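Per-entry structural report
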Amino acid sequence: MNEFLAFLDQVWLARFVILRGLGLTVSISLLAIALGSVLGVLVGLALTYGNRPLRFVVRAYTDFIRGTPVLVLVLASFYILSTIGIELNAFQAGVFALAVFCSSHVGEIVRGALQAIPPGQTEAAKAIGLTFSQTFTSVLWPQALRQMLPTWVNTAAEMVKASTLLSVIGVAELLLRTQEIISRNFMSLEFYFLAGLLYFAINYAIERFGKYVERKVSVPS
Amino acid sequence: MAIPFRAHALLLTTAMMVAAAPAVAQDKSKLDEVLERGHLVLGTGSTNAPWHFKSVDDKLQGFDVDMGRIIAKSLFGDPDKIEYVTQSSDARIPNITTGKVDVTCQFMTVTGERAQQVAFTIPYYREGVGLMLKADGDYADYEALKEAGSSVTVSVLQNVYAEDMVHAALPEASVDQYESVDLIYQALESGRSDAVATDQSSLAWYMTQNPDRYRDAGYGWNPQSYSCAVARGDQDWLNFVNTALHEAMTGVEFNFYADSFKTWFGKDLQPPQIGFPVEYK
Amino acid sequence: MGYTLNFSAVWRSFDQLLWGLLLSLELAIGAILIGAVIGLVTAFGLISKSGWARRPAALYVTVIRNLPILVLILFSYFALPQMGVRLGKIESFVATLAIYSGAYLAEVFRAGLLSIPNGLKEAGLAIGLTPMQIRTSIVIPLMFRNVLPSLSSTLISLFKDTSLAAAIAVPELTFEARKINVETFRVVETWIVASCLYVATCTVLAALMRMVERRLVISR
């Protein structure tokens, strides 16, 4: 019992540190998701509508990213970019790596959603005289968006989990904060447990939100 | 099989990007660069007490951090003009060679192999392995442990050399290896081991945190030097850092060094003898 | 700072990388074998009518799927020994990865089990098989065939997750790459070679699994 009180005392002492770590974890994830989604939509469009050479290049990009562990992406972006003259600090390099990782996922989601739309619709749109950009913005994209939204929300949970890898390059997000606290008070069991609980809370909320979105956007059949 | 080709294409792109990177002439010393910038970029860790760790109010502190502060003080007259780059132990050398930090102070053991990649400063601490006992335990000191022979159990951090390391001091003792520092202390506390063998600095820190509960067995072995490190090829900058550290251990900044030593290792240092310089004795 | 690519230092240590790669593969395969058993048991729990079987299974899947794998790895290696569970680095990592993959495989197997038509089970009953025999000789083999594509993508992502073993100093591919970095500081070259090894292995794994799928496919 005494040990538990000592733990609570340590949590109280470290409350701002934990909150700051949590804040950074959330900002990393949001930034990575935002940048990765913008890039990913472009990737998805290129994969679906690009000409052959463009498709080949973009396919090589996504295959390469998806075949590489995220940790390797994080380490490589931290060390390679600065060696070739692009100065990014650990936070920027980490967000960059996660955004690249996210873009390959979102690219596949966008491609899948667009290709799932029956080609008859494009033909019908053409028949009533819509240009391709009109067809895309008012026929194809709204449907694709509806279909990919739930999967996209789950990608957010993946990003939160992947943000832990930034601790390896010294970004003080929740996991590194936890390790810093443990190095001071040696309570590894308690504080890893606490970190797990916090990550679970965030991701569980995202998962529930994803289920909610899925219900909202599903087309009644 | 498109992959080898794709990989090849990536290599080419990277090679082109590399070739396009501007070549900056290395005519100015890091010293001028740091002075112009107005602060020092110090590489260190954040998860190892008492070397480099976070205080309750989230400030980096520890003996390594203080060495950086000594360098910043000699540069700017202000020990706080530091930008910290926190890094894991295996990032120490890459972060120096890729120019992410001006200097790294992170309990770095000097070895010949490492000295071929980075330039080490003069040492600022001599680490060694020590033995810690419970204050009210069965054994009084190192001699008692040695006499007890095989009935002694020593807890140590998991490591390929752990067994040999302990047996160098206590040839017959049985060795229990644990995964983290807290566990080797717990083993001693719970009576599963009779002594803890680990870095004397860690032991000193633990004993200052838990006064009167433990004692040092009074024996040290496995010496190793801890030095800061800078990039190779800039003698001017290396000289400056060396001078700063040297004067902290023997000259005008001795009090800074001694205060830090007292805070983290709990021991008072004697001021260097006045008169003939200690270096030539 | 100008930079010229020079791979010679990496080629000198290429053996180390290959040994690391081999260990990565062993870790992934070990984890998926144990994980498949955990996943199968959990999947039967998930589709069970009894709440006593369903609820713990669902809890396990939800908890594990929402935790970062790195936190799980550090927890098992550094925190569990405090509770008396002491495993070596490799054992602890494989066990963690198995428990992690078990949660994902449980979902895969659940979908696979639900896709088996009831008529097959009834046919089994009709020829006098016990429910256990139906499970082991009809349902599970068919289910495995159906879920093979998901199983192969799980294997590939587990293989990539083995890079996290570097965090507890298991000498797999990423760990070896970081070691070469420290020894040679050819960071660009090392990471290029390491990621190419990962990508190539993933591609080969995917191709192998597709071959297995084609051999096992039920011709219709």
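Predicted model, so just to flag it, every value in this text is computed and none were measured.

Conventions adopted
Per-chain numbering applies: the sequence of each chain, read as written, is numbered from 1 onward. Going through the entries in the order they are written, you letter the chains from A and number the ligands from 1. Where totals are concerned, whole chains, interfaces and linings use all residues; where local detail is concerned, this predicted model gives features only for residues with pLDDT of at least 70, and gives and counts side-chain atom pairs only at 80 or more. Side-chain metrics rest on all non-hydrogen atoms present in the structure, leaving aside hydrogens and water. Runs of H or I in DSSP of at least four residues are treated as helices and runs of E of at least two as strands, each being numbered from the N terminus. Between buried and exposed lies partly exposed: a residue is buried under 20% and exposed over 50% of the maximum accessible area for its type, with that area taken using a 1.4 Å probe on protein chains only. Here, two residues are considered to be in contact whenever any of their heavy atoms come within 4.5 Å of each other. Each accessible area is a Shrake-Rupley estimate made with a 1.4 Å probe; only the visible protein chains count as cover when residues are assessed. Only the six-membered ring of Trp is used, alongside the rings of Phe and Tyr, when aromatic pairs are assigned; centres must lie within 6.5 Å, and planes under 30 degrees apart are stacked while those over 60 apart are edge-to-face, with the rest tilted. At least two DSSP bridges between two strands are needed for those strands to be called paired. Fitted lines through C-alpha atoms serve as axes, helices being fitted only where they are in contact, and the angles separating the N-to-C directions of these axes extend from 0 to 180 degrees. In plain terms, two cysteine sulfur atoms within 2.5 Å form what is called a disulfide here. Note on terminology: angles under 35 degrees are roughly parallel, angles over 145 are roughly antiparallel, angles of 65 to 115 are roughly perpendicular, and the others are oblique. For a crossing to be left-handed, the near helix must be turned anticlockwise from the far one by less than a right angle; the clockwise case is right-handed. Under this grouping Gly is polar, as are all residues other than the nonpolar Ala, Val, Leu, Ile, Met, Phe, Trp, Tyr, Cys and Pro and the charged Asp, Glu, Lys and Arg. In this analysis the probe radius is 1.4 Å and the grid spacing 1 Å, with only protein atoms considered; a cavity is a set of points the probe fits into but cannot get out of, a pocket is an open set with protein on both sides within 12 Å along at least five of seven lines, and lining residues have an atom within 4 Å of a point. Grid points are joined across faces, edges and corners, and a volume is the space filled by probe spheres set on the points. Reported domain spans reflect what an automatic or database domain assignment gives. Salt bridges are defined by distance alone: a side-chain nitrogen of Lys or Arg within 4 Å of a carboxyl oxygen of Asp or Glu. Each polar contact in these results corresponds to two N or O atoms within 3.5 Å; when the atoms are within protein, one needs to be able to donate a hydrogen and the other to accept it, and residues that are neighboring in sequence are counted only if both atoms are side-chain atoms. Buried area: the accessible surface (1.4 Å probe) lost by two parts on joining, summed over both. Picture the helix axis, draw a direction to every C-beta atom, and the arc is the one those directions span.

Topic: the overall build of chain A
Along chain A, the regular secondary structure elements total nine helices and zero strands. Across the 221 residues of chain A, 52% fall into the buried class. For chain A, long-range pairs separated by at least 24 residues make up 77% of all intrachain contacts whose partners lie at least 6 apart in sequence. For chain A, the accessible surface area stands at approximately 10200 Å², while carbon and sulfur atoms represent 68% of it.

Looking at the packing of aromatic side chains
The description of two aromatic rings rests on the distance between their centres and on the angle between their planes. Residues and elements named next belong to chain B. Inspection of every chain in the model, using the stated rule, returns 43 aromatic pairs over all chains. Taking 6.1 Å as the distance between ring centres and 5° as the angle between the ring planes, the aromatic pair formed by W237 and F240 counts as stacked. With W237 and F240 both in helix α10 (residues 235-250) and three residues apart, the pair spans about one turn of that helix. Per residue, the accessibility class of W237 equals that of F240, and both read buried.

Quick notes on the environment of K211 of chain A
All names here are of chain A. By the secondary structure assignment, K211 is in helix α9 (residues 188-217). You can call K211 partly exposed: its relative accessible area is 39%. As a C-alpha pair, K211 and G67 span 144 residues in sequence and 28 Å in three-dimensional space.

Quick look at the sheet that holds strand β9 (residues 174-178) of chain B
Residue and element names in this part refer to chain B. Ordered by their spatial adjacency, eight strands build an open sheet running β5-β1-β6-β11-β7-β10-β8-β9, and the pairing between neighbours is mixed. Since the sheet does not close on itself, it has two edges, and those belong to β5 (82-86) and β9, each with one partner. Put simply, the sheet's adjacent strands are angled 25° from each other on average, direction ignored. Sheet topology note: the strand β6 (residues 103-109)/strand β11 (residues 214-230) ladder contains three bridges and is antiparallel. Considered in β11, the bridge of T109 is made with Y226. Along the sheet, helix α8 (residues 181-189) makes contact with β7 (119-134), β8 (153-157), β9, β10 (195-199) and β11, crossing β10 at roughly 155°.

Points about the state of the cysteines
If you walk through the whole model with that rule in mind, you get one disulfide over all chains. The thiol of C196 of chain C is unpaired, and the distance to the nearest cysteine sulfur, on C202 of chain C, comes to 12 Å.

Here's the deal with the environment of V212 of chain C
As for its position among the elements, V212 of chain C is in helix α9 (residues 187-216). Along the backbone, V212 of chain C and L17 of chain C are 195 residues apart, and their C-alpha atoms lie at a distance of 28 Å.

Here's the deal with the packing of helix α6 (residues 119-127) of chain A against helix α7 (residues 132-162) of chain A
Residues and elements named next belong to chain A. Interhelical geometry of α6 versus α7 gives an angle of 160° and a closest axis separation of 10 Å. The pairing of α6 with α7 is recorded here as roughly antiparallel in orientation. The handedness of the crossing between α6 and α7 is right-handed. Here Q121, T122 and A125 of α6 come into contact with α7, specifically with T135, V139, L140 and Q143. Taken together, the residues that form the contact of α6 with α7 break down as three nonpolar, four polar and no charged.

Focus on empty space enclosed by the protein
As enumerated under the stated definition, the model contains three cavities of 30 Å³ or more in all. Roughly 40 Å³ of volume is contained in the largest cavity. Residue lining of the largest cavity: L75 and Y79 of chain A, D90, A91 and P94 of chain B together with R178, N181, V182 and W191 of chain C, and that is the complete set. Mapped onto the lining of the largest cavity, the elements with two or more residues apiece are α4 (70-83) of chain A together with α8 (173-184) of chain C.

Thoughts on unusual backbone geometry
With the exception of glycine, the majority of residues adopt a negative phi angle, and the majority of peptide bonds are in the trans configuration. All names here are of chain B. Here the amide bond leading from A49 into P50 is cis, since omega sits at -5°, within 30 degrees of zero. With respect to the helices, strands and loops of the structure, P50 is situated in the loop between β2 (47-48) and β3 (52-54). Its identity as a non-glycine residue notwithstanding, D58 has a phi of 70°, on the positive side. Mapping D58 onto the fold places it in the loop between β3 and β4 (60-61). Classification of D58 as buried rests on a relative accessible area of 15%. For N222, which is not a glycine, the phi torsion comes out positive at approximately 60°. Among the structural elements, N222 can be located in strand β11.

What about the domain arrangement of chain B?
All names here are of chain B. Parsing chain B into structural domains produces domain 1 (28-118 + 231-280) and domain 2 (127-223). For domain 1 versus domain 2, the distance between C-alpha centres works out to 29 Å. Each partner contributes residues to the interface: domain 1 has nine residues there, and domain 2 has six residues. Across the contact surface, domain 1 and domain 2 share zero salt bridges. Here domain 1 and domain 2 share one residue pair in polar contact (both at pLDDT 80 or more) between them. Of the residues forming the side of domain 1 that touches domain 2, the biggest block, three residues, is contributed by helix α11 (residues 254-265). Here the side of domain 1 that touches domain 2 is built from residues that sort into six nonpolar, two polar and one charged.

Let's talk about the interface of chain A and chain C
Tallying the contact residues gives 33 residues for chain A and 32 residues for chain C. Here chain A meets chain C over a buried area of about 2900 Å², counting both sides, of which 75% is carbon and sulfur. It is T83, L189 and Y192 of chain A that lose the most area in chain A upon contact with chain C, and together they represent 20% of the buried surface on that side. Inspection of the chain A/chain C interface yields zero salt bridges. For the pair chain A and chain C, the interface holds six residue pairs in polar contact (both at pLDDT 80 or more). Of all the secondary-structure elements, those providing two or more residues to the side of chain A that touches chain C are α3 (52-66), α4, α7, α8 (174-185) and α9 of chain A.

Concerning helix α7 (residues 162-169) of chain B
Residue and element names in this part refer to chain B. Of the residues making up α7, those classed as buried are A162, M165, V166 and A169. Buried residues in α7, looked at end-on, bunch into an arc of 90°, giving them a common side. In α7, those exposed residues whose orientation departs by more than 90 degrees from the buried face are D164 and A168. Turning to α7, the residues buried within the fold contact β7, α6 (142-148), β8, β9, β10 and β11.

Considering the sheet that holds β3 of chain B
Residue and element names in this part refer to chain B. Here we have three strands laid out as an open sheet, ordered β2-β3-β4, and antiparallel in their pairing. Of all strands in the sheet, those with a lone pairing partner are β2 and β4, marking the two edges. Across two bridges, the pairing between β3 and β4 is antiparallel. If you follow F53 over to β4, its bridge partner there is Q61.

Quick word on the pattern of salt bridges
Within this structure, the stated rule accounts for 22 salt bridges over all chains. With its nearest N and O atoms 3.3 Å apart, the salt bridge here joins D63 of chain A to R59 of chain A. Pair noted here: D63 of chain A and R59 of chain A are both in helix α3, with a separation of four residues, about one helical turn. The exposure class assigned to D63 of chain A is partly exposed, which follows from its relative accessible area of 25%. Residue classification places R59 of chain A among the partly exposed positions, given a relative accessible area of 24%. Between K54 of chain B and D58 of chain B there is a salt bridge, with its nearest N and O atoms 3.5 Å apart.

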